[in-house]
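Examination of the molecular architecture
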Amino acid sequence: MRLDEKINLDSIVLPGPCGITTYPLPGVSGSNFLSHWSGPAHASSSPGTPYLSVALIPHVEKRQALFNFGNGWRDRLCTDPKAIYVTPPNTPHEWKIDGSIMVIMLSISMTQINNVLDELEINSSALELVKPLAEKGYSDSLVHDLVLRLWSNARTEAGCNPLLIQSSIVCILHSIASKCCQQAGGAPQRISGRNLKNVLDMIEDRLDECLNLAEMCSLANVSKFHFIRLFSEATGRTPYQYIQHRRIEKARLMLTTSDRSVAEIGAAVGFADAPNFSRTFTRHVGMSPSQYRLQGK
């Protein structure tokens with residue numbers, strides 16, 4: 001699934017009338033995971049968890065969800081369809097939901113959070129700045145769509161690509177940090193032309209490999225925190241989107257200029273197996289690799 005691919009929420013099958021399903025996210029720091037919960041009207045409480053939680057509410061029967069984070073009861077729901085709901089780590093709270101509700105939640109471990117804070121040389125006490133965000137949902141289309149796409153990918157048989165997970169979580173933390181504290185003049189404005197060329201050349205030369213975000217950041221001479229935003233501004237695509245785009249473009253060329261098998265071409269552009277290559281190619285091009293080859297002859 002591409003990051004810009006539309007998702008039809010009406011097609012989602014809930015895990016029964018009431019229940020929770022959890023999807024671990026491998027390949028990144030700490031034990032991050034996604035959870036999908038649906039249930040009827042209820043009231044409950046939590047002593048807090050050691051995770052930063054970022055939730056979406058694709059469905060709620062009534063437009064009120066009262067939460068108390070220690071400052072009294074407040075309606076937490078935001079009317080914007082791209083709203084997100086952030087809960088800081090170790091934050092006790094209680095809630096009252098007056099109708100059925102569906103929640104998709106990304107839980108980010110303190111290990112992952114601290115890694116990002118360390119890269120930015122920000123003291124961990126900065127997490128205190130997140131607490132005011134818990135009181136009310138707010139609109140953030142980037143974070144909303146990233147969480148939704150991580151969840152959609154996690155539910156498939158193939159699961160989430162580790163690079164997609166890593167890129168998305170860094171992007172999400174970046175957006176939340178930007179919401180919390182506007183750092184005047186503290187962020188780099190762009191990747192230099194030479195460094196960007198080095199990154200793009202490395203991607204082109206190693207499309208058959210499992211590319212590492214840390215290597216790209218090193219070539220760009222910026223931290224992961226800033227790299228994804230700056231790379232996206234420079235190319236119009238996130239690193240994951242750009243790599244997938246170049247893999248598919250190279251595969252299209254090879255399909256029409258060589259006699260190598262579909263499986264060999266898939267492996268040559270970084271896909272571990274032919275079925276995964278065929279599914280991804282079809283999503284991007286609108287036809288299978290074999291159909292594309294026949295059309296090009």
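Please refer to the structure placed before this passage.
Residues numbered from 1 in each chain as written. Predicted model: local features only at pLDDT ≥ 70, side-chain atom pairs only at ≥ 80, totals over all residues. Heavy atoms only, no water.

What follows deals with the overall build of the chain. In terms of regular secondary structure, the chain is built from ten helices and ten strands. The proportion of buried residues among the 297 residues of the chain is 45%. Across the chain, contacts joining residues at least 24 apart in sequence account for 70% of those joining residues at least 6 apart. Roughly 14,600 Å² of accessible area belongs to the chain as shown, and the carbon and sulfur atoms make up 50% of that amount. (Helix = DSSP H or I, 4+ residues; strand = E, 2+ residues; numbered from the N terminus. Buried < 20%, exposed > 50% of the residue type's maximum accessible area, 1.4 Å probe, protein only. Contact = heavy atoms within 4.5 Å. Areas by Shrake-Rupley, 256 points an atom, 1.4 Å probe, with all protein chains shown as cover.)

Along the chain, the position of Ile101 falls in strand 9 (residues 101-109). Along the sequence, Ile101 and Trp37 sit 64 residues apart, while their C-alpha atoms lie 8.2 Å from each other. Ignoring anything within four residues of it in the chain, the contact list for Ile101 reads Trp37, Ser38, Gly39, His42, Ile57, His59 and Val60.

Attention now moves to the packing of aromatic side chains. Counted by the stated rule, this structure contains eight aromatic pairs. Aromatic side chains Phe231 and Tyr242 sit 5.6 Å apart centroid to centroid with 85 degrees between the ring planes, which places their arrangement in the edge-to-face category. Here Tyr242 lies in helix 7 (residues 239-257) and Phe231 lies in helix 6 (residues 224-235), a separation of eleven residues in the sequence. Accessibility classification places Phe231 together with Tyr242 in one group, the buried group. Where Phe281 meets Tyr292, the ring centres are 5.6 Å apart and the plane angle is 70 degrees; that geometry is what we call edge-to-face. (Phe/Tyr/Trp six-rings, centres within 6.5 Å; stacked < 30°, edge-to-face > 60°.)

Let us look at the side chain of Thr280. By the secondary structure assignment, Thr280 is in helix 9 (residues 274-285). Leave out the neighbours within four places in its chain, and Thr280 touches Gln244, Ile248 and Phe271.

It is worth spelling out the pattern of salt bridges at this point. Per the counting criterion, the structure on display carries nine salt bridges. In this structure, Asp145 engages Arg149 in a salt bridge whose closest nitrogen and oxygen atoms are separated by 3.9 Å. Taken together, the positions of Asp145 and Arg149, both in helix 2 (residues 141-154) and four residues apart, correspond to about one turn of that helix. Between Arg206 and Glu209 there is a salt bridge; the shortest N-O distance is 2.9 Å. With a relative accessible area of 34%, Glu209 lands in the partly exposed category. Through salt bridges with shared partners, one network takes in Lys82, Asp145 and Arg149. (Salt bridge = Lys/Arg side-chain N within 4 Å of Asp/Glu carboxyl O.)

Turning our attention to the pairing of strand 2 (residues 33-39). Where burial is concerned, most of strand 2 is hidden: five out of the seven residues are buried. The sheet contact formed by strand 1 (residues 19-24) and strand 2 spans six bridges and is antiparallel. Note that in strand 2 the partner of Thr21 across the bridge is His36. (Pairing = 2+ DSSP bridges.)

Here we come to the pairing of strand 5 (residues 65-68). For strand 5 and strand 8 (residues 93-97), the ladder comprises four bridges, and the chain directions are antiparallel. Within the sheet, the bridge partner assigned to Phe67 lies in strand 8 and is Trp95. In the sheet, strand 5 pairs with strand 6 (residues 73-75) via three bridges, with the strands oriented antiparallel. When the bridges of strand 6 are listed, Phe67 appears paired with Arg74. Once strand 5 ends, the chain turns through four residues before running back antiparallel as strand 6, passing Gly70 with a positive phi of about 105 degrees.

At Asn90, a residue that is not glycine, the phi angle is positive and equals roughly 55 degrees. Examined against the element boundaries, Asn90 turns out to sit in the loop between strand 7 (83-87) and strand 8. Even without a glycine there, the phi angle at Asn221 is positive, about 65 degrees. Note that Asn221 resides in the loop between helix 5 (213-220) and helix 6.

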